[in-house]
Amino acid sequence: GSCMPVDSQFRNIIEMYSQLPSLGDLPLAVLRSAPVPVNPAPTPVDTVTNRTIAGPGGDLKLRIYHCGAGDSLPLLFFIHGGGFVLGDLDTHDEMARILTANTGCVTVAVEYRLAPEHPFPAAVDDCFAALNWAAANAQELGADAGRLVVIGDSAGGNLAAVMALRARDESGPVLAAQVLIYPAVDLGAPMLPAPDGQFYILSPQTRKFFNGAYLREPALVSLPHVSPAMADDLRGLPPALIITAEYDPLCAQGEALAARLKQMGIETALTRYDGAIHGFATFPVPMRDQ
């Protein structure tokens, strides 16, 4: 790798995170009520609609974003990150807007059940139910189910990769692509520090906290629907775009999955953002030092 230093635009974020108490020391209600860094001017899209559908564990909230001309736009199914414990439609609203506006797509974002109240497989089941709903209702949404892409960041990238496995194995919707943004694809893999020895944003303690909340027992970590990188057979999966960040403890596992997908003949693009840290896609914009 280039081993360029962490980009200066992340300094404020790193500083802010370094002052926070450890996740495990704060009540979940406090963690979840933390203010969302708000973009003063949300990225405009044509329409945003909130919907509720019946999910496997009760009502599931969806947010549908529409941007583009025509009535058969590509369809993005977006799964937010947050370690399976945090995050919702609001924390990732700006990210969903940016994706929608820049692709001219219809985006369906899902608010799945969170751990520890709802450990694995609640999130997976909710996302799969919502993915099936999106494919079945694409026409009504002004979208084309034949151009359905599943996309997620971090834990959402994990769930997106799991959606690709489930869709393949359970005759689910045919996916045109899977986009995994700094995904956690092997929850048992060693967390590797950045080239400078630091763990930015995601420490081994943080990961332990998230895993402990998500998994009823540690042995579940090797299930492919928990750690999609553990799937024996990656053939027949949709083309993949995997985005990694050089200073992310998850960088190596995302890149290892990209290499394996390529080996198995899956069309795969890997983009590494040098100098970037985990979570960069959801940081407030613009972040350049004033």
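See the structure printed just above.
Residues numbered from 1 in each chain as written. Predicted model: local features only at pLDDT ≥ 70, side-chain atom pairs only at ≥ 80, totals over all residues. Heavy atoms only, no water.

Draft legend 1. Quick look at a nonpolar patch on the surface. On the surface, a nonpolar cluster with roughly 290 Å² of combined accessible area is contributed by Met-16, Tyr-17 and Leu-20. Residue placement: Tyr-17 occurs in helix H1 (residues 11–18). (Patch = residues over 30% accessible without salt bridge, like charges linked within 9 Å, V, L, I, M, F, W, Y side chains within 5 Å. Areas by Shrake-Rupley, 256 points an atom, 1.4 Å probe, with all protein chains shown as cover. Salt bridge = Lys/Arg side-chain N within 4 Å of Asp/Glu carboxyl O. Helix = DSSP H or I, 4+ residues; strand = E, 2+ residues; numbered from the N terminus.)

Draft legend 2. Local environment of the sheet that holds strand S7 (residues 240–245). Strand order across the open sheet formed by eight strands is S1-S2-S4-S3-S5-S6-S7-S8, with mixed pairing between neighbours. Each edge of the open sheet carries a strand with a single partner, namely strand S1 (47–55) and strand S8 (268–273). Across the sheet, the axes of successive neighbouring strands diverge by a mean angle of 20 degrees, strand direction being ignored. In this sheet, strand S4 (residues 106–111) lies alongside strand S3 (residues 73–79) in parallel orientation, the contact comprising five bridges. Its bridge partner being in S4, Leu-76 is matched across the sheet by Thr-107. (Pairing = 2+ DSSP bridges. Axes fitted to C-alpha atoms, helices over the stretch in contact; angles between N-to-C directions.)

Draft legend 3. Up close: the nonpolar core. Counting residues in each nonpolar core, the largest one holds 67 residues, and the members touching the most others are Phe-77, Ile-79, Val-110, Leu-159, Met-163 and Tyr-214. In contact with Leu-159, not counting residues within four places along its chain, are Ile-79, Phe-84, Tyr-112, Ala-123, Val-124, Cys-127 and Tyr-214. Grouped together as the second largest cluster of nonpolar side chains are 29 residues, Ile-13, Leu-76, Leu-89 and Tyr-182 included. (Core = buried A, V, L, I, M, F, W, Y, C linked by side-chain atoms within 4.5 Å. Buried < 20%, exposed > 50% of the residue type's maximum accessible area, 1.4 Å probe, protein only. Contact = heavy atoms within 4.5 Å.)

Draft legend 4. Inspection of the environment of Pro-195 at higher detail. Here Pro-195 is to be found in the loop between strand S6 (177–181) and helix H6 (204–214). When its relative accessible area of 45% is taken as the criterion, Pro-195 is described as partly exposed. Separated by 51 residues in sequence, Pro-195 and Glu-246 place their C-alpha atoms 8.2 Å apart.

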